[in-house]
Amino acid sequence: MSPNAVQTQARRPRKPRKQPPSAPQALIPSIARSCRTLASRLSNRALAWMNPGPARGAKPRPKSRRLSASKPKQITLALQGGGAHGAFTWGVLDRLLEDGRFAFEGISATSAGAMNAAVMAHGLAAGGNDGAREALAQFWRRISLVALASPIRPTWFDRVFGGYSLDLSPSYAAFDLLTRHLSPYQLNPSNLNPLREVLQGSIDFERLRRDAATKLFIAATNVRNGKVKIFETAEVSADVLLASACLPLLFQAVEIDGEHYWDGGYTGNPAIFPLIYNCRSPDVVIVHINPIERDGVPTTAREIMDRANAITFNSTLMREMRVIQLVTELIDSGEVRSDRLRRVLIHSIEAPEVMDGLGHSSKLNPAWDFLAYLRDVGRERAGAWLDANYERIGRDSTVDIRSRFA
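1. Observations regarding the overall build of the chain
So, point 1. Helix and strand counts for the chain stand at 15 helices and eight strands.
So, point 2. The proportion of buried residues among the 406 residues of the chain is 44%.
So, point 3. In the chain, once contacts between residues fewer than 6 apart in sequence are set aside, the share between residues at least 24 apart is 76%.
So, point 4. With the model as given, the accessible surface of the chain reaches about 22000 Å², and the carbon-plus-sulfur share is 55%.

Structural data, given as structure tokens:
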């Protein structure tokens, strides 16, 4: 062997000996596998929660009845807003969809009602009545899931002594105080709104605008001129729904096409006139969230605020009802004969004694047990209304408008 070869061989570096891993290092792969397994299980649990099925041991949810050979009764819906109380409307819609004897020509809605309306119309376009029921269930499950990250939640004091309200929650009290002194532009300068992701995950807006057979009329309040703005189906987007639900003390005004909007409840909760002008069906079924009448005089600051809010968010509806009653009387008496005027048949589904017992703060309580409770109440009231009034739909109003609204 040449000296150069010996020298090259000598310079070749030796491979370091592989040292056995220390005890902590040996645990790392095992810990990583455990973390991946746990993450997978949590992910599966979250997906199962976001797509709820029947509870263990419960009877499967009945499928919607197929429409009979006779023509379905065509109706329109008017859905009020009310935060988490909108789960009552979810229950009403679920029962009407399950019944299967209706075609929904149009829906006029505000705030939480607007979200129910858009989710329902999307579900109808994607999968008929059962698709709409499933879409509504998933939407409200998502709402409850997102709320788990919120510090404003009912305490066990609220659950034991306050029902479903948040009046005994320190976090709610602090938040309520802050919103009276600081605007959402100061409290939330980044303008974060978790509802946007919930809506985008629940509704295919492009498909809704393209395929929805049910006409949508979503109310919002123009901040600049104070007028009601009605967004129709071709305009509906996440921004439109957020604008309709934009309480000005909680959220920054939503800008759409250069204009800014607040909650539609100030100018139409809900608006009835779009259904009269744009739909052929004479039947308008109003789903009430805010009780019109309450016994007794409120005496505490919170009771006074609750009643003032209810009066404010019912005022526009009551004015429209008075006009409808006046036009109906003029038509019935023969004093007005015009093709442009027609009789409107009004129906109501509500649970005033239940809603009257819920404080204003419960509208910010999206806990699943509360939402499920309101859903069940809505289903029960809708079922009772169907049993009592189905045969009268298309013939006459099932509400005495004069005594109720005038």
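Resuming the write-up.
2. Remarks on the layout of surface pockets
So, point 1. Put simply, the largest pocket is a space of about 1500 Å³.
So, point 2. Taken together, 47 residues form the lining of the largest pocket, with F175, L247, L250, F251 and L364 sitting closest to its centre.
So, point 3. Secondary structure elements with two or more residues in the lining of the largest pocket: helix 4 (112-147), helix 6 (170-181), helix 7 (184-187), helix 8 (194-202) and helix 12 (301-333).
So, point 4. A class-by-class count of the residues in the lining of the largest pocket yields 29 nonpolar, 14 polar and four charged.

3. Topic: the packing of helix 4 against helix 14 (residues 368-389)
So, point 1. Packing of helix 4 against helix 14 leaves a shortest axis separation of 9 Å and a crossing angle of 150°. Taken together, the axis directions place helix 4 and helix 14 in an arrangement best described as roughly antiparallel. Crossing geometry of helix 4 relative to helix 14 is assigned as right-handed. Of the residues in helix 14, those in contact with R133, W140, R141, I143 and S144 of helix 4 are W368, L371 and R379.
So, point 2. Each residue belonging to the contact of helix 4 with helix 14 can be placed in one class, and the counts come to four nonpolar, one polar and three charged.

4. Details of empty space enclosed by the protein
So, point 1. Inspection of the entire model under this criterion finds two cavities of 30 Å³ or more.
So, point 2. There is about 100 Å³ of room inside the largest cavity.
So, point 3. Forming the boundary of the largest cavity are 13 residues, of which N290, R294, D306, H360 and K363 lie nearest the centre.
So, point 4. Classifying every residue of the lining of the largest cavity gives five nonpolar, five polar and three charged.
So, point 5. For the second largest cavity, the calculated volume is near 50 Å³.
So, point 6. For the lining of the second largest cavity, the per-class residue count stands at six nonpolar, two polar and two charged.

Parameters and conventions
- Residues numbered from 1 in each chain as written.
- Predicted model: local features only at pLDDT ≥ 70, side-chain atom pairs only at ≥ 80, totals over all residues.
- Heavy atoms only, no water.
- Helix = DSSP H or I, 4+ residues; strand = E, 2+ residues; numbered from the N terminus.
- Buried < 20%, exposed > 50% of the residue type's maximum accessible area, 1.4 Å probe, protein only.
- Contact = heavy atoms within 4.5 Å.
- Areas by Shrake-Rupley, 256 points an atom, 1.4 Å probe, with all protein chains shown as cover.
- 1 Å grid on protein atoms, 1.4 Å probe; cavity = no way out; pocket = protein on both sides within 12 Å on 5 of 7 lines; lining within 4 Å.
- Points joined across faces, edges and corners; volume = space filled by probe spheres on them.
- Nonpolar A, V, L, I, M, F, W, Y, C, P; charged D, E, K, R; others polar.
- Axes fitted to C-alpha atoms, helices over the stretch in contact; angles between N-to-C directions.
- Parallel < 35°, antiparallel > 145°, perpendicular 65-115°, else oblique.
- Left-handed = near helix turned anticlockwise from the far one by under 90°.

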